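# Understanding the architecture of this molecule
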Amino acid sequence: MSAYDATAKAEAALRRSLVTPEGVDLNLRIGDAGQRIGAFLIDWVLQMICIGLFLWAVGWTLASMGGKDAGHIWIIGFLGFFILSNGWFIGFELSPRAATIGKRIMGLRVAARDGGRLTAEAVVARNIMREIEFAAPVKFMIIGAFSQGSADGLTMLFMAIWTGIFLFFPLFNKDRLRAGDLIAGTWVVRTPKRTLLPDLSDTDASGHFKFTDAQLSAYGIKELHVLEQVLRNRDRKTMTAVADRIRRKIDWTPGEYESDEQFLQAYYAGLRARLEQRMLFGHRRKDKFDKA
Amino acid sequence: MAALQLKSAKFRQERQHDWSRLSGLLEKVESRGARSLTDEQLLAIPVLYRSALSSLSVARATSLDHSLIEYLEGLCARAYFLVYGTRPWIGERLVHFFTTGWSRAVTSIWKETLAAGLITIFAAVLGYVLVSQNPDLYFSFVSPDMAQGRDPTATYKTLRDGLYDGGPAGQLGPFAASLFQHNAQISLFCFALGFAFCVPTAMLLIQNGSMLGAMLAVFAAKGLGWNFAGWIMIHGVTELYAIILAGGAGFKIGLAVAFPGDKTRLDAASEAGRACGGAMAGVVLMLLIAGIIEGFGRQLITSDVARYAIGIGSGVLWMSYFYLPRRRKGLANVRL
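A brief report on the enclosed structure follows. Keep in mind that what you see is a predicted model, and the values were worked out from it rather than measured. (Residues numbered from 1 in each chain as written. Chains lettered and ligands numbered in written order. Predicted model: local features only at pLDDT ≥ 70, side-chain atom pairs only at ≥ 80, totals over all residues. Heavy atoms only, no water.)

### What about the interface of chain A and chain B?
Each partner contributes to the interface: chain A provides 78 residues, whereas chain B provides 77 residues. Taken over both partners, the interface formed by chain A and chain B buries close to 6900 Å², and the fraction arising from carbon and sulfur atoms is 65%. Taken together, the links from chain A to chain B amount to 8 salt bridges. For A:R15, the salt bridge is made with B:E73, and the minimal N-O distance between the two is 3.8 Å. One can count 18 residue pairs in polar contact (both at pLDDT 80 or more) joining chain A with chain B. For the side of chain A that touches chain B, the secondary-structure elements that each account for two or more residues are helix 3 (71–94), strand 3 (108–112), helix 5 (120–128), helix 6 (130–146), helix 7 (153–168), helix 8 (179–184), helix 10 (221–233) and helix 12 (260–280) of chain A. With 10 residues, the single largest contributor to the side of chain A that touches chain B is helix 3 of chain A. (Contact = heavy atoms within 4.5 Å. Buried area = accessible area lost by both parts, 1.4 Å probe. Salt bridge = Lys/Arg side-chain N within 4 Å of Asp/Glu carboxyl O. Polar contact = N/O pair within 3.5 Å; in protein donor to acceptor, adjacent residues only side chain to side chain. Helix = DSSP H or I, 4+ residues; strand = E, 2+ residues; numbered from the N terminus.)

Structure (structure tokens):
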């Protein structure tokens with residue numbers, strides 16, 4: 001179970017307590033590095049496509065006008081470029097969902113670190129920092145790569161280090177803040193839309209299985225949750241392996257027509273009933289090694 | 001249904017209707033905004049939110065259904081952000097921003113703005129004096145692609161044509177575009193780099209100011225100083241002011257990081273950052289306005305008097321808009 005422990009530990013490291021005014025801890029989960037990077041890449045690509053299409057339209061109009069009286073088109077072009085490149089993130093994060101398209105796909109949203117409301121001031125501040133974190137150094141590097149001579153190797157190296165420092169900045173603090181979050185007092189939390197999964201204890205089969213108290217006290221809460229996961233994944237091989245292991249542990253002789261799934265479901269229902277009942281009396285049995 | 005239903009399963013059955021109702025309402029607000037709900041639905045949200053919260057507490061204490069607890073945590077978090085994070089309607093916020101929020105944000109950094117302004121003026125004077133005495137120094141202040149032929153070797157005619165005709169036809173647009181990009185970049189950088197103890201911000205302001213002074217020196221040497229000032233002023237008052245404000249905001253953050261006082265550096269920086277966010281939103285708006293004036297106005301209006309009038313007029317407007325004292329209304333706690 002060591003792999004399970006490691007994931008649980010990593011998961012716990014991302015949990016933050018946010019106590020609502022009603023006194024309930026929401027146990028928020030902050031977005032991890034992978035989700036943040038994924039969201040950013042999605043946004044960046046979409047933004048580049050929009051800017052590309054816009055510039056193409058401007059260029060096409062300029063070409064068709066043949067350079068005569070083209071001043072206005074240029075102005076529309078650069079103002080539009082400015083709005084698209086700076087307004088994308090700010091605009092989306094000001095919406096009620098406080099998330100860009102990429103963040104929505106990854107189930108993330110921006111929130112004020114103090115739990116209060118997310119102000120537009122904070123959104124503006126965090127996104128202007130993007131300019132030094134990513135946009136400008138990358139622009140310099142692209143310009144440098146395409147125009148020989150204007151940027152030497154040393155400048156390129158400096159820009160690469162610069163971008164690197166800011167890109168990896170979120171990995172070196174525990175709240176996964178980037179420089180913009182730091183200045184704006186924000187963080188990025190996960191609020192994925194979850195569907196309510198069926199309750200696994202609702203099973204017709206449990207009537208046929210009678211487990212004794214000794215058999216039900218073989219495991220604790222942690223094992224119950226693993227079992228829940230196994231039952232939800234419904235992977236045949238894993239279910240067989242787990243069912244065999246439990247049967248051995250509790251000395252259970254399988255009935256003639258009993259399937260692994262039925263057995264596991266019945267055992268889950270029985271175990272949960274017992275653990276929940278003991279919980280009502282104040283015994284919260286952490287795992288199978290817990291003697292309480 | 002099995003006879004021996006768990007207490008926790010029963011608990012869930014009794015309440016899941018409310019949860020899914022809350023989830024549906026959240027969905028609607030998130031995709032179509034709060035205005036898509038009826039009054040009755042709007043009033044139901046806080047009630048449903050509190051009952052979901054209490055369900056969560058009960059579930060944590062009595063249920064071992066892991067997925068149920070995760071579902072409720074997610075639901076409550078989403079509802080929490082809606083209930084406690086709701087901001088007034090966007091129109092109301094914009095009205096507030098333009099009536100009081102913007103000017104208050106700018107006024108709150110007046111000391112830093114003054115410092116940024118003085119640095120810019122000092123650098124401009126320095127650039128002017130140095131280039132007047134030794135024109136060879138010109139290109140150490142102005143990069144060739146910014147200068148575009150406006151250098152000490154240019155003739156009176158080219159310089160003058162540049163001011164009134166915008167040089168060869170067709171180049172106007174690209175030049176205005178590159179100047180706008182340059183200035184927008186400088187202002188965003190002035191703010192964003194401020195956290196490094198104000199140093200990069202000060203360097204950017206000095207560079208920008210000395211460039212202006214050096215260019216002025218070139219034109220003044222040919223007797224076009226007055227005309228050049230008018231050409232710059234028509235949009236430059238707004239744009240330079242935007243850069244100075246961004247510099248002030250950068251200084252504010254840099255100072256907060258350098259001298260956090262009783263707070264941690266992190267808290268001090270984020271407090272300063274949020275205080276300046278409103279001013280920076282305004283800076284972006286000013287840059288857009290300057291860009292429009294630059295693109296349309298500068299080439300259309302070629303009379304010096306009109307240029308000065310617009311330049312000075314816009315300066316007076318900005319100053320009075322930002323710094324004239326105004327009555328504080330009851331909306332004091334509406335934040336953008």
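Moving on from the coordinates now.
### Examining the nonpolar core
Grouped burial of nonpolar side chains is what soluble globular proteins tend to show. In this structure, B:F191, B:M280, B:M286 and B:F322 are the most contacted members of the largest nonpolar core, which totals 65 residues. The element best represented in this core is helix 12 (residues 265–300) of chain B, accounting for 12 residues. Beyond its immediate stretch of four places on either side in the chain, B:M280 contacts A:V124, A:I128, B:S187, B:L188, B:F191, B:A246 and B:A249. Of all hydrophobic cores here, the second largest spans 36 residues; its members include B:L25, B:L26, B:V29 and B:I69. (Core = buried A, V, L, I, M, F, W, Y, C linked by side-chain atoms within 4.5 Å. Buried < 20%, exposed > 50% of the residue type's maximum accessible area, 1.4 Å probe, protein only.)

### Details of the sheet that holds strand 3 of chain A
Residue and element names in this part refer to chain A. Sheet architecture is open: 4 strands sit in the order 1-2-4-3, paired in antiparallel fashion. At either end of the open sheet lies a strand with only one pairing partner, and these are strand 1 (15–16) and strand 3. Across 5 bridges, strand 3 lies against strand 4 (residues 186–190) in antiparallel orientation. Within strand 4, the position partnered with L108 by the bridge is R190. (Pairing = 2+ DSSP bridges.)

### Some thoughts on the pattern of salt bridges
In the structure shown here, the tally under the stated rule is 33 salt bridges over all chains. Taking the shortest distance from any N to any O, the salt bridge between A:R232 and B:D65 comes out at 3.5 Å. Pair noted here: A:R232 is in helix 10 and B:D65 is in the loop between helix 2 (39–62) and helix 3 (66–85), and the two residues belong to different chains. A relative accessible area of 0% means that B:D65 is categorised as buried. One continuous salt-bridge network, built from bridges that share partners, spans A:E11, A:R15, A:R29, A:D32, A:R194, B:R60, B:E70 and B:E73.

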